[in-house]
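This is what each chain is made of:
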Amino acid sequence: MSEDALFHMRHALYLAWLDRFDEAARAFDAGMSSPIHEIDAAPSAVGFLLLAGKARHAVAKARRAFASDRREMAVPYLRALRAAGDLEDAADIAATLIEEADVEERGLLELAWLYAVAGDTERVRTALEHVRNLELPFAAYGRARVHALLGEADTALHWLGVARDAGLRWPSRAAVDPDFSALAEDPRYSALRKSMLRRGP
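Residues numbered from 1 in each chain as written. Predicted model: local features only at pLDDT ≥ 70, side-chain atom pairs only at ≥ 80, totals over all residues. Heavy atoms only, no water.

**What about the nonpolar core?**
Stage number 1. Counting 50 residues, the largest nonpolar core has Leu78 and Trp113 as the members making the most contacts within it.
Stage number 2. Setting aside residues up to four positions removed in sequence, Leu78 forms contacts with Ala90, Ile93, Ala94, Leu97, Trp113, Leu114 and Val117.
Stage number 3. With 16 residues, the next largest nonpolar core counts Ala148, Phe180, Leu183 and Leu192 among its residues. (Core = buried A, V, L, I, M, F, W, Y, C linked by side-chain atoms within 4.5 Å. Buried < 20%, exposed > 50% of the residue type's maximum accessible area, 1.4 Å probe, protein only. Contact = heavy atoms within 4.5 Å.)

**Quick word on the layout of surface pockets**
Gaps between atoms show up when a probe of the same size as a water molecule is rolled over them.
Stage number 1. Reported here for the second largest pocket is a volume of approximately 190 Å³.
Stage number 2. Lining the second largest pocket we find 14 residues, and of these Leu51, Ala175, Val176, Asp177 and Pro178 sit closest to its centre.
Stage number 3. Elements supplying a minimum of two residues to the lining of the second largest pocket: α3 (38-51) and α12 (187-198).
Stage number 4. Of the residues that constitute the lining of the second largest pocket, the class distribution is 10 nonpolar, one polar and three charged. (1 Å grid on protein atoms, 1.4 Å probe; cavity = no way out; pocket = protein on both sides within 12 Å on 5 of 7 lines; lining within 4 Å. Points joined across faces, edges and corners; volume = space filled by probe spheres on them. Helix = DSSP H or I, 4+ residues; strand = E, 2+ residues; numbered from the N terminus. Nonpolar A, V, L, I, M, F, W, Y, C, P; charged D, E, K, R; others polar.)

**Overview of helix α7 (residues 108-118)**
Stage number 1. Taking burial as the measure, the 11 residues of α7 include nine buried ones, the bulk of the element.
Stage number 2. Along α7, the residues classified as buried are Leu109, Glu110, Leu111, Ala112, Trp113, Leu114, Tyr115, Ala116 and Val117.
Stage number 3. Downstream of α7 by one or two residues, Gly119 has phi in the positive range, about 80 degrees.

**Considerations on the packing of aromatic side chains**
Stage number 1. For the structure shown, the criterion picks out three aromatic pairs.
Stage number 2. Here Phe66 and Tyr77 contribute two aromatic rings whose centre-to-centre distance is 4.9 Å and whose plane-to-plane angle is 40 degrees, an arrangement assigned as tilted. In this pair, Phe66 sits in helix α4 (residues 55-68) while Tyr77 sits in helix α5 (residues 70-83), placing the two residues 11 residues apart along the sequence. By the burial criterion, Phe66 is buried, and Tyr77 matches it.
Stage number 3. Grouping aromatic residues by their ring pairs yields a cluster made of Tyr141, Phe180 and Tyr189.
Stage number 4. Against the face of Trp113 rests Arg79, its NZ or CZ located 5.6 Å from the ring centre.
Stage number 5. Its guanidinium or amino end placed over the ring of Trp159, Arg143 lies 5.2 Å from that ring's centre, counting from NZ or CZ. (Phe/Tyr/Trp six-rings, centres within 6.5 Å; stacked < 30°, edge-to-face > 60°. Lys NZ or Arg CZ within 6 Å of the ring centre and 35° of its normal.)

These results come straight from atomic positions and should not be treated as a statement about function.
Okay, here's the thing in structure tokens:
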């Protein structure tokens, strides 16, 4: 795999987080024009396509990569499906992954996220009850994502604010995370998003 190609793909994703889509598109094209290993590049490529509003393209790329590496591509594929509105497919795949116990080692927060995608609220609660002693910004952000997916805006915004105030890394990424799309019209989320973007990458 070309290291330059992977660099371009990751740089495209970073620029997209910053809403610099013209530059991001050029970096993405540069990455795609070089020899590149699909699995290594796929998570960044899917992330860029989602931020660029190309959900269907993201689903197609993620589906191909998921067929080769379920563990690495589970979360990007589910995010792409959700962004494209394929909620039933996302829930079915999440339920299968949970049943296979293929994602448990990713941690309780990722497991809770999968349960949220699958619509299993009871198991979300059980997973979150056992989240202990994790780095505060990481844990708070994970909780915010899960509650946003469950449609619990007040709780999601609370934990997102905690994550920001605790020094969340990559706050600009959080500001464009598709897991918070249900909050897009909420002025409280808009204020949080602006404050995270001001803090930079």
